[in-house]
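Structure at a glance
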Amino acid sequence: MDRGGIFAGDDPFAIARSWMAEAEASEINDPNAIALATVDAQGLPNVRMVLLKEIEADAFVFYTNYGSKKAQEIEGAGKAAFVLHWKSLRRQIRVRGMTEREEGPQADEYYASRSLKSRLGAWASKQSEPLSSREYLMAEVAKVTVTKGAHPPRPPFWGGFRLRPVEIEFWADGAFRLHDRFRWTRETPLDSWGIQRLNP
Ligand SMILES: Cc1cc2nc3c(=O)[nH]c(=O)nc-3n(C[C@H](O)[C@H](O)[C@H](O)COP(=O)(O)O)c2cc1C
């Protein structure tokens, strides 16, 4: 297949890493911000931004609160999708696949890498639940600052999700709206990839 330049190679994770490296140099902030889509029990879609923290050999990882709305929807469906869009590069990557928790040493390590305030914030916030006031939240932060100390452990209700894709599409802006699109698909995350060029 005629697929050179920015689409070169058969490993979609290598392409994603290479595009991310370019975006890190060209985006004004948060080049790793992804719009993460889930569906609720009624099939109603939901979407919000999260930060993509790892592009692994065969999966993508982000972190959140396991009690949050998104976590409930991810775990209800066992599936999620996300899109990355870089305005500076005029490119997007779309990903769909199966989800599982990352709540082992890798999650501990990422949690430990965050600032102390962020680590304590994770303890204090009941993400997605109603909050009576900002003051209440700050009082919760003050409480955990005392009870958890300077080296808080990762909260059991906070950790990662690993998305194992069955579909990854790379899109790059082309002249006269004749964009380039290449899609990697596989039936399950255990299968090998097929690659197709798509009409714009
Ligand atoms: C740029 C950006 C990055 C964000 N990153 C995260 C993140 O990594 N994890 C997270 O839980 N929420 C993140 N948020 C907040 C989410 O968008 C969302 O408000 C929150 O997770 C609650 O979503 P939910 O109620 O659907 O679970 C981010 C928001 C923005 C705008």
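Our subject is the structure that appears above.
So, here's what we can say about the structure. (Residues numbered from 1 in each chain as written. Predicted model: local features only at pLDDT ≥ 70, side-chain atom pairs only at ≥ 80, totals over all residues. Heavy atoms only, no water.)

Some remarks on the layout of surface pockets
As a reminder of what qualifies: With a 1 Å grid spanning the protein atoms alone, the term cavity applies to any set of points in which a 1.4 Å probe fits but cannot get out, the term pocket to an open set with protein on both sides within 12 Å along at least five of seven lines, and the term lining residue to any residue with an atom within 4 Å of a point. Grid points are joined across faces, edges and corners, and a volume is the space filled by probe spheres set on the points. Helix and strand assignments follow DSSP, with helices taken as H or I runs no shorter than four residues and strands as E runs no shorter than two, numbered in order from the N terminus. All amino acids are sorted into three groups, where Ala, Val, Leu, Ile, Met, Phe, Trp, Tyr, Cys and Pro are nonpolar, Asp, Glu, Lys and Arg are charged, and the leftover types, Gly among them, are polar.
The space that makes up the largest pocket amounts to roughly 540 Å³. Along the wall of the largest pocket there are 24 residues; nearest its centre are Arg-114, Ser-118, Gly-121, Ala-122 and Trp-158. Taken together, the elements giving at least two residues each to the lining of the largest pocket come down to strand S2 (45-55), strand S3 (60-65), helix H4 (116-124) and helix H5 (134-148). Sorting elements by how many residues they give to the lining of the largest pocket places H4 first, with 7 residues. When the residues that make up the lining of the largest pocket are grouped by side-chain class, the tally is 12 nonpolar, 7 polar and 5 charged.

Remarks on the packing of aromatic side chains
Basically, it comes down to this: Each Phe, Tyr or Trp ring (for Trp, its six-membered ring) is paired with any other whose centre lies within 6.5 Å, and the angle between the two planes then decides the class: stacked below 30 degrees, edge-to-face above 60, tilted in between. Categorising residues by exposure relies on relative accessible area from a 1.4 Å probe, with only protein chains included: less than 20% of the type maximum marks a residue as buried, more than 50% marks it as exposed, and the intermediate range marks it as partly exposed.
Using the criterion set out here, one finds 13 aromatic pairs in the structure. Plain terms: the ring middles of Phe-7 and Trp-19 are 5.5 Å apart, the flat faces sit at 65° to each other, and that makes the pair edge-to-face. Of the two residues, Phe-7 is situated in the segment before helix H1 (12-26) and Trp-19 in helix H1; the sequence distance between them amounts to 12 residues. For the residue pair Phe-7 and Trp-19, the accessibility class agrees, reading buried in each case. Ring centres of Phe-13 and Phe-60 lie 5.3 Å apart, and the angle between their planes is 40°; this geometry places the pair in the tilted category. Taken together, the residues span a long stretch of sequence, with Phe-13 in helix H1 and Phe-60 in strand S3 at a distance of 47 residues. Just as Phe-13 is buried, Phe-60 falls in that class too.

Notes on the site of the ligand
Let me state the cut-off plainly: Any residue with a non-hydrogen atom lying within 4 Å of a molecule or strand is treated as near it. Pairs of N or O atoms within 3.5 Å make up the polar contacts considered here, provided that, within protein, one atom can donate a hydrogen while the other can accept it, and that residues adjacent in sequence are counted only when both atoms are side-chain atoms. Reported accessibility uses the Shrake-Rupley method at a 1.4 Å probe radius. Residues are deemed covered only where the shown protein chains occlude them.
As a matter of local geometry, the ligand sits amid Asp-30, Arg-48, Met-49, Val-50, Leu-51, Tyr-63, Thr-64, Ser-68, Lys-69, Lys-70, Gln-127 and Ser-128. Arg-48 places a side-chain nitrogen or oxygen 2.8 Å from an oxygen atom of the ligand. At 2.6 Å, a backbone N or O of Met-49 approaches an oxygen atom of the ligand. For the ligand, whose free accessible area comes to 620 Å², the fraction covered by protein is 63%. If one sorts the elements of the shell around the ligand by residue count, S2 sits on top with 4 residues. Here the residues of the shell around the ligand sort into 4 nonpolar, 4 polar and 4 charged.

Let's talk about helix H2 (residues 69-77)
Just so we agree on the cut-off: Comment: arc refers to directions from the helix axis out to C-beta atoms. A contact between two residues is defined here by any heavy atoms of the two lying within 4.5 Å.
The set of residues buried in H2 consists of Lys-70, Ala-71, Glu-73 and Ile-74. For H2, the buried positions fall inside an angular range of 165° around the axis, keeping them on one side. Packed against the buried residues of H2 are strand S1 (33-39), S2, S3, strand S4 (79-86), strand S5 (91-102) and strand S6 (158-172).

A word on the pairing of S3
Regular strands place side chains that alternate from one sheet face to the opposite one. Short version of the rule: A pair of strands is treated as paired once DSSP finds two or more bridges between them.
Of all 6 residues making up S3, 6 are buried, and the element is well covered by its neighbours. Taking every second residue as pointing to the same face, both faces of S3 are buried, with Phe-60, Phe-62 and Thr-64 on one and Val-61, Tyr-63 and Asn-65 on the other. Taken together, the 3 bridges between S2 and S3 define a ladder with antiparallel strand orientation. Looking at S3, one finds that Glu-54 is bridged to Val-61. In this antiparallel pair of consecutive strands, S2 and S3, the connection spans 4 residues. Inspection of the sheet shows S3 paired to S6 by 6 bridges, in the antiparallel sense. Of the residues in S6, the one forming a bridge with Thr-64 is Gly-159.

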